[in-house]
Amino acid sequence: MNEASRAQIAAANPVTSTWLSANAGSGKTRVLTDRVARLLLQGVKPERILCLTYTKAAAMEMQNRLFKRLGEWAMMPDAKLRATLEEIGEGGIDTDRLRVARTLFARAIEAPGGLKIQTIHSFCAAVLRRFPLEARVSPGFTEIDDRVQARLVADLMDDMAGHEAEALTGITAWLGEEDGLRRLARDVAGKADAFDPPWEWEAICDWAGIDPGLTEADLLARVFHGDERALCHRLLKGLNPAYSMHKAACSVIPRVAWEAPGMADLAALEHAFLNGPDAKTEPNRPRAAILANKGVTAAMGDALGALADFADRLAEARPLRLALLTARRTHALHRFAAGFLPRYRRAKAARGWLDFDDLIRGTLRLLTTEKMAQWVLFRLDGGIDHILVDEAQDTSPPQWEIVKTLAGEFAAGEGARTDVTRTIFVVGDKKQSIYSFQGADPAGFDRMRAHFEARLAEVGQPFQSRELKHSFRSAPVILSLVDAVAQRAGQPGVGAGVEHLAFHAAMPGRVDLWPVVEPSEKARPPEWDDPQDIVADDHHSNILARTIAERIAAMLAAGEPLPDKTGRRPITAGDILILVQSRSPLFRKIIAALKEAQLPVAGVDRSDLTAPLAVKDLIALMRFLSLPEDDLSLAAVLRSPIGGWSEDALFRLAHPRGGKYLWRALQDAEEQHPETVAMLRDLRDKADFLRPYDLLEQSLIVHDARRRLVARLGPEAEDGIDAMLAQALNYEAMEVPSLTGFVGWLEAGEVTVKRDLAQAGGQIRVMTVHGAKGLEAPVVILPDTGLRQGGGGAKIDLVTPEGGPLVWAKAADATEPVLAAMEARKAREAEERNRLLYVAMTRAESWLIVAAAGKTATGKGGPEASWYETIRDGLETLSPAPLLLPEIPGQGLRLQSGDWTPLAPAPAAAPAPPPLPDWVGTQAP
């Protein structure tokens with residue numbers, strides 16, 4: 001038996017608690033499945049096993065694998081079944097154990113409540129439904145999605161504006177965008193624990209280090225002593241607008257010279273006279289370029305000392321101004337939270353709704369509240385003997401608390417039953433923790449391992465910490481690059497000493513680093529009627545997208561050899577996976593280029609509900625049915641696959657109609673278009689009587705719209721259609737159903753359509769790295785590796801400084817503790833980008849292609865380095881060969897091993913025999 005299999009068998013040992021760190025591709029799902037199967041083989045009842053996974057897809061995958069294995073055991077001959085059980089570590093198999101193994105499938109199927117393989121949120125929902133009175137939730141509560149939450153928040157904001165406007169007074173001044181208040185409210189709802197309770201003004205000032213009675217007038221009086229207006233008049237004569245260091249002063253000094261200064265002027269004066277907080281020398285101190293300038297010294301004369309004193313007062317007041325600004329902004333945030341959160345909780349309770357955060361908070365409260373925790377734990381303790389946690393690196397701290405509380409009785413030495421040995425099994429990989437926006441805490445993986453190891457040691461229960469290093473997925477060449485990147489710029493977040501061992505040591509592999517598509521020259525201005533999101537054909541993103549499509553087309557046409565674990569074969573479209581960091585314009589351009597090249601592509605993995613063309617056509621139909629005078633919507637329906645009209649036919653109907661509505665003109669031309677008129681008239685007659693869902697079904701099934709849309713737009717149109725039908729049902733469950741209301745409700749919110757591209761057989765998949773977690777492909781292309789575009793300087797963040805409240809911070813005017821918190825978060829984000837790169841690279845089995853367009857380097861290195869630079873630095877340590885591409889100027893790099901020579905051409909088919917004469921077979925002999 002090989003070393004990798006021995007490691008898996010040891011990790012799946014069902015009699016000891018295990019903490020497993022597993023590299024990408026190391027077979028952790030198999031270990032999980034083996035452990036559950038071995039627990040069942042030892043007589044553990046299926047309902048006493050709890051498997052917590054991160055996603056519903058992962059839970060379904062594990063359940064399918066387990067049922068498949070148990071089903072195979074039920075039908076295997078004795079000799080083969082005995083060998084199979086020995087392969088997973090079960091020795092001493094006698095006839096009785098073989099008989100037990102064959103019954104496990106039926107036992108798992110018939111277990112009360114089924115096998116508990118579920119997400120943490122599904123488990124929490126089940127617990128709350130079991131103890132609704134203790135949890136103080138409605139027994140029939142409903143879990144709400146992001147779209148319903150956004151609609152509820154919008155309604156609450158409207159209500160607060162009319163009845164509790166004082167809670168919004170200090171907020172609206174800081175928001176520059178129309179929807180900023182609603183987005184802030186959703187952020188506050190997701191961080192409700194940080195406002196329990198909200199901080200009061202005195203506590204905020206005490207943390208900020210200022211007097212609660214400090215006002216803007218007090219601060220201005222510290223700086224302006226009365227002679228500043230005369231100083232500014234003299235200073236104006238010495239300033240030179242052409243001198244870069246004087247531009248800021250030239251913009252503010254005239255105002256101070258003629259008008260009473262305010263807080264905005266104080267900030268502008270600091271910018272003009274003081275070094276920035278990140279200056280290399282004397283940060284936040286007066287600028288020598290101003291005070292020592294010859295023109296300034298000549299103009300100021302004997303008043304130069306007074307000007308220097310004024311600059312010193314600015315420097316002394318700056319920390320107070322920033323602290324006061326931060327305190328007022330933070331107080332406004334907490335006042336808003338104090339008014340909004342109770343309303344939000346009451347609104348959800350009145351409707352019987354719980355969001356995902358409520359599920360976690362409610363379950364944790366049940367398990368930790370003194371008066372009810374023992375009762376709840378006793379009931380759960382009597383039903384759970386073994387806990388398995390998958391993807392543990394993505395578990396948030398509150399979720400860890402639930403796991404810790406559930407398993408606390410395991411290490412207590414005595415639970416509801418003392419005749420069983422109970423275990424915990426945790427598997428994860430900190431290098432793949434990429435969901436911080438959902439609260440994932442990679443540091444918690446090691447912290448909780450130390451906790452459980454110590455607790456189990458106290459009661460003498462076995463515990464093992466193991467690691468799976470072998471990859472059953474990737475070729476050695478790809479793994480060597482992963483290790484090289486981890487040892488260099490990719491180390492922060494991934495860790496030092498990363499080692500991957502290839503199980504298929506002789507498997508051929510290839511890594512291609514394409515030359516960078518350099519930023520295009522300034523393109524010609526677009527035409528006045530061009531869409532704003534269209535870029536020129538010679539834009540670097542378009543060039544890269546076309547190059548990718550052309551290279552893939554050439555690879556498929558030539559039958560490029562693809563070595564894998566079993567041999568060599570021609571590459572197919574289903575072998576190719578294209579991964580991007582985000583759904584940026586490049587993402588759309590690549591899909592468009594692939595479709596333009598007539599390559600089989602699976603479409604987008606996620607989009608807004610109203611984005612797919614099929615949904616747009618159905619919405620246009622709904623608009624027309626609710627308002628027949630809507631000529632534009634009717635024209636869209638006629639030109640869509642639903643109507644199937646040509647542009648010429650629509651023009652011949654619309655142009656000569658005079659002042660008529662288009663629907664009236666179409667009815668007058670019924671003889672020429674009887675099918676279209678009959679369809680629309682039938683739907684119009686039913687529009688006032690049918691619910692939106694039924695009306696959609698009538699158009700899709702009775703009038704054949706679904707078949708027409710799918711035939712024109714491809715199979716991906718099905719997902720948008722089904723999502724729209726699901727939203728119609730959701731709307732009818734929450735609102736009085738009406739066609740007009742449904743159309744407005746649909747367009748007012750953001751609904752995401754998700755497609756499972758894992759089963760997109762025979763098609764090229766284009767998706768984000770986050771969406772590809774858990775997937776793999778023989779060929780992986782990473783085209784989005786250039787420098788990330790910044791999000792703008794006006795972004796306002798919610799951060800928590802050490803020992804302080806949740807702060808609403810802006811980098812331009814943050815205090816030192818807030819800046820430190822923002823820098824710490826920026827470092828964490830850089831580490832997560834490295835982990836995201838690790839996930840992207842380890843999706844590849846045989847061939848990894850790296851490309852980039854635009855800028856790839858800042859010259860600074862470190863956290864600002866692009867993926868392209870990071871990969872190139874690691875690749876250069878492995879002695880790659882030069883790579884030239886005819887489509888892109890410059891030189892790339894290639895690292896490969898094994899046989900990649902072209903495949904021998906398939907033998908030509910024998911020429912078809914000439915057709916037989918017509919008389920053959922028609923005449924008697």
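Residues numbered from 1 in each chain as written. Predicted model: local features only at pLDDT ≥ 70, side-chain atom pairs only at ≥ 80, totals over all residues. Heavy atoms only, no water.

**Re the overall build of the chain**
Moving on, step 1. Regarding its fold elements, the chain presents 37 helices and 23 strands.
Moving on, step 2. In the chain, buried positions account for 48% of the 925 residues.
Moving on, step 3. Surface accessibility of the chain: about 44,400 Å² in total, with carbon and sulfur atoms responsible for 52%. (Helix = DSSP H or I, 4+ residues; strand = E, 2+ residues; numbered from the N terminus. Buried < 20%, exposed > 50% of the residue type's maximum accessible area, 1.4 Å probe, protein only. Areas by Shrake-Rupley, 256 points an atom, 1.4 Å probe, with all protein chains shown as cover.)

**Examining the side chain of Lys 28**
Moving on, step 1. Here Lys 28 shows up in helix H2 (residues 28-41).
Moving on, step 2. If we ignore the near neighbours within four places in the chain, the residues touching Lys 28 are Ala 22, Asp 390, Glu 391 and Val 427. (Contact = heavy atoms within 4.5 Å.)

**Digging into the pattern of salt bridges**
Any two side chains of opposite charge can pair if their charged atoms end up close together.
Moving on, step 1. This structure, assessed with the given rule, holds 47 salt bridges.
Moving on, step 2. Where Arg 449 meets Asp 446, a salt bridge forms, and the shortest distance between an N and an O atom there is 2.6 Å. Note that Arg 449 and Asp 446 are positioned in helix H22 (residues 443-458) at a spacing of three residues, about one turn of the helix.
Moving on, step 3. A salt bridge links Arg 691 to Asp 694; the shortest N-O distance between them is 3.2 Å.
Moving on, step 4. Looking at Arg 691, the relative accessible area reads 39%, which means it is partly exposed.
Moving on, step 5. Where salt bridges share partners, they join Lys 28, Asp 390, Glu 391, Asp 394 and Lys 773 into one cluster. (Salt bridge = Lys/Arg side-chain N within 4 Å of Asp/Glu carboxyl O.)

**A short note on the packing of helix H21 (residues 397-408) against H22**
Moving on, step 1. Contact geometry for H21 and H22: axes closest at 12 Å, N-to-C directions at 10 degrees. Classified by the interaxial angle, the pair formed by H21 and H22 is roughly parallel. Mapping the contact onto sequence places Trp 400, Val 403, Lys 404, Ala 407 and Gly 408 in H21 and Gly 444, Phe 445, Met 448, His 451, Phe 452 and Arg 455 in H22.
Moving on, step 2. When grouped by side-chain class, the residues that make up the contact of H21 with H22 number six nonpolar, three polar and two charged. (Axes fitted to C-alpha atoms, helices over the stretch in contact; angles between N-to-C directions. Parallel < 35°, antiparallel > 145°, perpendicular 65-115°, else oblique. Nonpolar A, V, L, I, M, F, W, Y, C, P; charged D, E, K, R; others polar.)

**As for the packing of aromatic side chains**
Moving on, step 1. Within this structure, the stated rule accounts for 14 aromatic pairs.
Moving on, step 2. Between Trp 19 and Phe 452 the ring centres are 5.8 Å apart and the planes differ by 35 degrees, which places this aromatic pair in the tilted class. With Trp 19 in strand S1 (residues 17-22) and Phe 452 in helix H22, the pair connects residues that are 433 residues apart, well separated along the chain. With respect to burial, Trp 19 and Phe 452 carry one shared label: buried.
Moving on, step 3. On the basis of an interplanar angle of 50 degrees and a centroid distance of 5.4 Å, the ring pair of Tyr 731 and Trp 745 is categorised as tilted. Placement of Tyr 731 in helix H34 (residues 717-734) and of Trp 745 in helix H35 (residues 739-748) is noted, with a sequence separation of 14 residues between them. Both residues of the pair, Tyr 731 and Trp 745, belong to the buried class.
Moving on, step 4. Geometry around Phe 141 places Arg 129 over its ring, the cationic atom sitting 4.2 Å from the centre.
Moving on, step 5. The aromatic ring of Trp 847 is capped on one face by Arg 510, whose charged end is 4.8 Å from the ring centroid. (Phe/Tyr/Trp six-rings, centres within 6.5 Å; stacked < 30°, edge-to-face > 60°. Lys NZ or Arg CZ within 6 Å of the ring centre and 35° of its normal.)

**Notes on the pairing of strand S14 (residues 576-580)**
The side chains of a regular strand alternate, residue by residue, between the two faces of the sheet.
Moving on, step 1. Of all five residues that make up S14, five are buried, and the element is covered over most of its length.
Moving on, step 2. When S14 meets strand S18 (residues 777-782), the two strands line up parallel, connected through three bridges. The partner of Ile 576 across the bridge, within S18, is Val 779.
Moving on, step 3. Across four bridges, S14 lies against strand S17 (residues 765-768) in parallel orientation. Looking at S17, one finds that Leu 577 is bridged to Arg 765. (Pairing = 2+ DSSP bridges.)

**Some words on the nonpolar core**
Moving on, step 1. One finds Met 622, Leu 625, Leu 638, Leu 680 and Met 724 to be the most contacted residues of the largest nonpolar core, which totals 46 residues.
Moving on, step 2. In terms of residue count, helix H27 (residues 613-626) provides more of this core than any other element does, nine residues in total.
Moving on, step 3. Each residue touching Met 724, except ones within four places of it in the same chain, is listed here: Leu 609, Val 615, Leu 618, Ile 619, Met 622, Leu 696, Phe 742 and Leu 746. (Core = buried A, V, L, I, M, F, W, Y, C linked by side-chain atoms within 4.5 Å.)

**Considering the environment of Leu 115**
Moving on, step 1. Locating Leu 115 in the fold gives a position in the loop between helix H5 (95-110) and strand S3 (116-119).
Moving on, step 2. Since its relative accessible area comes to 11%, Leu 115 is described here as buried.
Moving on, step 3. Considered as a pair, Leu 115 and Leu 50 are 65 residues apart in the sequence and their alpha carbons are 7.7 Å apart.
Moving on, step 4. Leu 115 has contacts with Pro 46, Gln 63, Leu 66, Phe 67 and Ala 108, leaving out every residue within four places of it along the chain.

**As for the sheet that holds S3**
Moving on, step 1. Reading across the sheet, the six strands line up as S3-S2-S6-S7-S1-S8 and stay open at both edges, with parallel pairing between neighbours. The open sheet is flanked by S3 and strand S8 (463-468), the only strands paired with a single partner. Along the sheet, successive strands turn relative to each other by an average axial angle of 15 degrees, direction set aside.
Moving on, step 2. Of the pairings in the sheet, the one linking strand S2 (residues 49-53) to S3 comprises four bridges and is parallel in character. Paired with Leu 52 across the two strands is Gln 118, which belongs to S3.
Moving on, step 3. The sheet strands contacting helix H1 (residues 3-11) are S1, strand S7 (423-428) and S8, and the helix crosses S8 at an angle near 150 degrees.
Moving on, step 4. Against the sheet, H22 makes contact with S1, S7 and S8, and its axis sits at roughly 160 degrees relative to S1, the strand it touches most.

**Describing helix H33 (residues 705-713)**
Moving on, step 1. Every buried residue of H33 is accounted for by Ala 705, Leu 709 and Val 710. For H33, the angular spread of buried residues about the axis comes to 125 degrees, placing them on one side.
Moving on, step 2. Buried residues along H33 sit against H27, helix H32 (692-702) and H34. (Arc of directions from axis to C-beta.)

**A short note on the side chain of Thr 676**
Moving on, step 1. Here Thr 676 is to be found in helix H31 (residues 674-686).
Moving on, step 2. In this structure the side chain of Thr 676 is engaged in a polar contact, spanning 3.1 Å, whose partner is the side chain of Trp 645.
Moving on, step 3. Other than its neighbours up to four places away in sequence, Thr 676 contacts Leu 638, Gly 643, Trp 645 and Leu 666. (Polar contact = N/O pair within 3.5 Å; in protein donor to acceptor, adjacent residues only side chain to side chain.)

**Overview of the sheet that holds strand S22 (residues 881-885)**
Moving on, step 1. The sheet built from seven strands is open, its strands ordered S17-S14-S18-S21-S11-S23-S22 with mixed pairing. Every interior strand has two partners, whereas the edge strands, S17 and S22, have only one. Strand after strand, the sheet turns through a mean of 25 degrees between neighbouring axes, direction not considered.
Moving on, step 2. Relative to strand S21 (residues 844-850), S18 runs parallel, the two sharing five bridges.

**A word on unusual backbone geometry**
Moving on, step 1. A cis geometry characterises the amide bond from Asp 196 onward to Pro 197, with omega recorded as 0 degrees.
Moving on, step 2. For Pro 197, the location among the structural elements is in the loop between helix H10 (180-190) and helix H11 (201-208).
Moving on, step 3. You will see that Glu 391, though not glycine, has its phi angle at about 50 degrees, which is positive.
Moving on, step 4. Take Glu 391: it is sitting in the loop between strand S6 (386-389) and H21.
Moving on, step 5. A relative accessible area of 13% means that Glu 391 is categorised as buried.
Moving on, step 6. For Ser 879, which is not glycine, the phi dihedral falls at a positive 55 degrees.
Moving on, step 7. Following the sequence through the fold, Ser 879 ends up in the loop between helix H37 (867-876) and S22.
Moving on, step 8. A relative accessible area of 64% means that Ser 879 is categorised as exposed.

**Observations regarding the environment of Val 702**
Moving on, step 1. Within the secondary structure, Val 702 sits in helix H32.
Moving on, step 2. Once the C-alpha coordinates of Val 702 and Met 679 are considered, the two residues, 23 residues apart in sequence, prove to be 9.2 Å apart.

**Regarding the packing of H1 against H2**
Moving on, step 1. Packing of H1 against H2 leaves a shortest axis separation of 9 Å and a crossing angle of 50 degrees. Taken together, H1 and H2 sit at an angle that is classed as oblique. Pair H1 / H2 crosses with right-handed handedness. Note on element contacts: H2 touches H1 through Arg 30, Val 31, Arg 35 and Arg 38, opposite Gln 8, Ile 9 and Ala 11. (Left-handed = near helix turned anticlockwise from the far one by under 90°.)

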